[in-house]
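Given next are the chains, with one letter for each unit.
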Amino acid sequence: MNTPTVNAAEKFDSSRANEYGRQSRIALAGYDACQDLAACMLAASLGPGGAARVLVVGAGGTAQEIIAMARLEPGWRFTAVDPSEPMLDAARQQLQANDLLDSVDLHLGQVEDLLADQSYDAATLIGVLHHLPGDDAKGQILRSIQAHLKPGAPLVVAGNQYAYASQPLLLAAWGQRWRQHGASADEVKAKLGKILQGADPPHSEAAVQKLLHDAGFGEATRFFSSLFWSAWLSCKTL
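Residues numbered from 1 in each chain as written. Predicted model: local features only at pLDDT ≥ 70, side-chain atom pairs only at ≥ 80, totals over all residues. Heavy atoms only, no water.

Draft legend 1. Expanded view of unusual backbone geometry. Of note in the backbone geometry, Asp 99 takes a positive phi value of approximately 55° without being a glycine. Checked against the element boundaries, Asp 99 lands in the loop between helix H5 (85–97) and strand E3 (104–108). The backbone of Tyr 162 shows a phi angle near 80°, a positive value even though the residue is not glycine. The topology assignment puts Tyr 162 in the loop between strand E5 (154–160) and helix H7 (168–180). A residue is classified by how much of its surface remains accessible, and Tyr 162, at 26% relative accessible area, is partly exposed. (Helix = DSSP H or I, 4+ residues; strand = E, 2+ residues; numbered from the N terminus. Buried < 20%, exposed > 50% of the residue type's maximum accessible area, 1.4 Å probe, protein only.)

Next up, the structure:
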């Protein structure tokens, strides 16, 4: 679950891909629960037990969103897009270990690289928006996804919100989360410094709603929250 622009993708090299699963589950308390609930929200929106084609943007790393969706809905098929080759390789390994490679088309690159006539019943964008600098880049990827969705199709968006420094209590609790998992005081300080420099989250839930609205999606329903992280479901309106 990484970024869909070339510059941002450079952060997700081999060393980061190799540690992504463990790091994500520490940084986001409830990582697997969020992925499971995303699958449940999409199944509830589409109706359970049917066939669907799902676009998974920023799929690299754990591929956990695909694993969770496929476990719940074996009839779904997936197109996974990611601009980082190491992260996509890591996802491929996880899919192979879960015997899911036959259900997934893996694409190294951007959403814009997909054929224009490819359309999907649903999509996910998990752990991506806060890595994209500025609203223009955030809006661009949402519009690109919207262009590949069928009318009324649901989209799950999940990622960090708030300017990190504006929420000192949440930031301190995030540091304690790392300490809870064995990080030293120096390691916690280094991780706090890294998060303050390494991303640009939307500054509020209202900002997320506006990004979605401007890209052609309806009002979003938030279904998960954990410190800075939240997850929403919205549907294509245009």
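Draft legend 2. A look at the pairing of strand E4 (residues 122–126). Most of E4 sits inside the fold, with 5 of its 5 residues counted as buried. Covered by surrounding structure in E4 are Ala 122, Thr 124 and Ile 126 together with Ala 123 and Leu 125, the residues of both alternating faces. Examined bridge by bridge, strand E1 (residues 52–57) and E4 share 4 bridges and lie parallel to one another. Counted as the bridge partner of Val 54 is Ala 122 from E4. By the bridge criterion, 4 bridges tie E4 to E5 in an arrangement that is parallel. Within E5, the residue paired with Thr 124 across the bridge is Val 156. For the segment spanning E4, helix H6 (residues 134–147) and E5, crossover handedness is right-handed. (Pairing = 2+ DSSP bridges. Right-handed = clockwise from strand over helix to strand, strands pointing away.)

Draft legend 3. Structural context of the side chain of Gln 118. Tracing the chain through its elements places Gln 118 in the loop between E3 and E4. Only 3.5 Å separates the side chain of Gln 118 from the side chain of Tyr 120, close enough to count as a polar contact. Residue contacts for Gln 118: discarding those within four places in its chain leaves Arg 53 and His 148. (Polar contact = N/O pair within 3.5 Å; in protein donor to acceptor, adjacent residues only side chain to side chain. Contact = heavy atoms within 4.5 Å.)

Draft legend 4. Layout of the pairing of E1. Most of E1 is tucked away, with 5 of its 6 residues classed as buried. Where E1 and strand E2 (residues 76–82) come together, 6 bridges link them in parallel fashion. By the bridge assignment, Val 54 is partnered in E2 with Phe 78. Running through helix H4 (residues 64–72), the crossover from E1 to the neighbouring parallel element E2 is right-handed.

Draft legend 5. Structural view of the sheet that holds strand E7 (residues 229–235). Taken in spatial order, the 7 strands make up an open sheet running E3-E2-E1-E4-E5-E7-E6, and their pairing is mixed. Unpaired on one side and paired on the other, E3 and strand E6 (221–226) mark the two borders of the sheet. Each neighbouring strand pair of the sheet contributes to a mean axis angle of 15°, computed without reference to strand direction. Each of E1, E2, E3 and E4 is contacted by H4, which is oriented at about 175° to E2, the strand it contacts most. In this fold H6 packs onto E1, E4 and E5, with an angle of close to 160° to the strand it touches most, E4. (Axes fitted to C-alpha atoms, helices over the stretch in contact; angles between N-to-C directions.)

Draft legend 6. Spatial organisation of the confidence of the model for the chain. For the chain, mean pLDDT is 91; residues scoring 70 or higher make up 92% of the total. Scored below 50 in pLDDT, residues 1–6 makes 37 contacts in the model with residues more than four places away or belonging to other chains. (pLDDT = per-residue confidence, 0-100.)

Draft legend 7. Expanded view of the packing of aromatic side chains. Taken as a whole, this structure holds 2 aromatic pairs when the rule is applied. A ring pair is formed by Tyr 164 and Phe 228, whose centres lie 5.0 Å apart and whose planes are at 90°; its orientation type is edge-to-face. With Tyr 164 in the loop between E5 and H7 and Phe 228 in the loop between E6 and E7, this residue pair connects regions lying 64 residues apart in the sequence. For the pair shown, Tyr 164 and Phe 228 are each scored as buried. (Phe/Tyr/Trp six-rings, centres within 6.5 Å; stacked < 30°, edge-to-face > 60°.)

Draft legend 8. Main features of helix H9 (residues 205–214). Inspection of H9 places Val 208, Leu 211 and Leu 212 among the buried residues, and these make up the whole buried set. Taken end-on, H9 shows its buried residues confined to a sector of 95°, consistent with a single buried face. Among the exposed residues of H9, those oriented more than 90 degrees off its buried face are Ala 206, Lys 210 and His 213. Here H9 starts with a cap whose side-chain oxygen sits 3.4 Å from the backbone nitrogen of Ala 206, and that cap is Ser 204. Of the residues trailing H9, Gly 216 is marked for its positive phi of about 100°. (Arc of directions from axis to C-beta.)

Draft legend 9. Region of the structure containing the pattern of salt bridges. With the rule as written, the count across this model stands at 7 salt bridges. Among the salt bridges present, the one from Asp 36 reaches Arg 71, with a minimum N-O distance of 3.9 Å. One end of the pair, Asp 36, is in helix H3 (residues 31–46); the other, Arg 71, is in helix H4, and 35 residues separate them in sequence. Residue classification places Asp 36 among the partly exposed positions, given a relative accessible area of 33%. On the basis of relative accessibility, which here comes to 55%, the residue Arg 71 falls in the exposed class. (Salt bridge = Lys/Arg side-chain N within 4 Å of Asp/Glu carboxyl O.)

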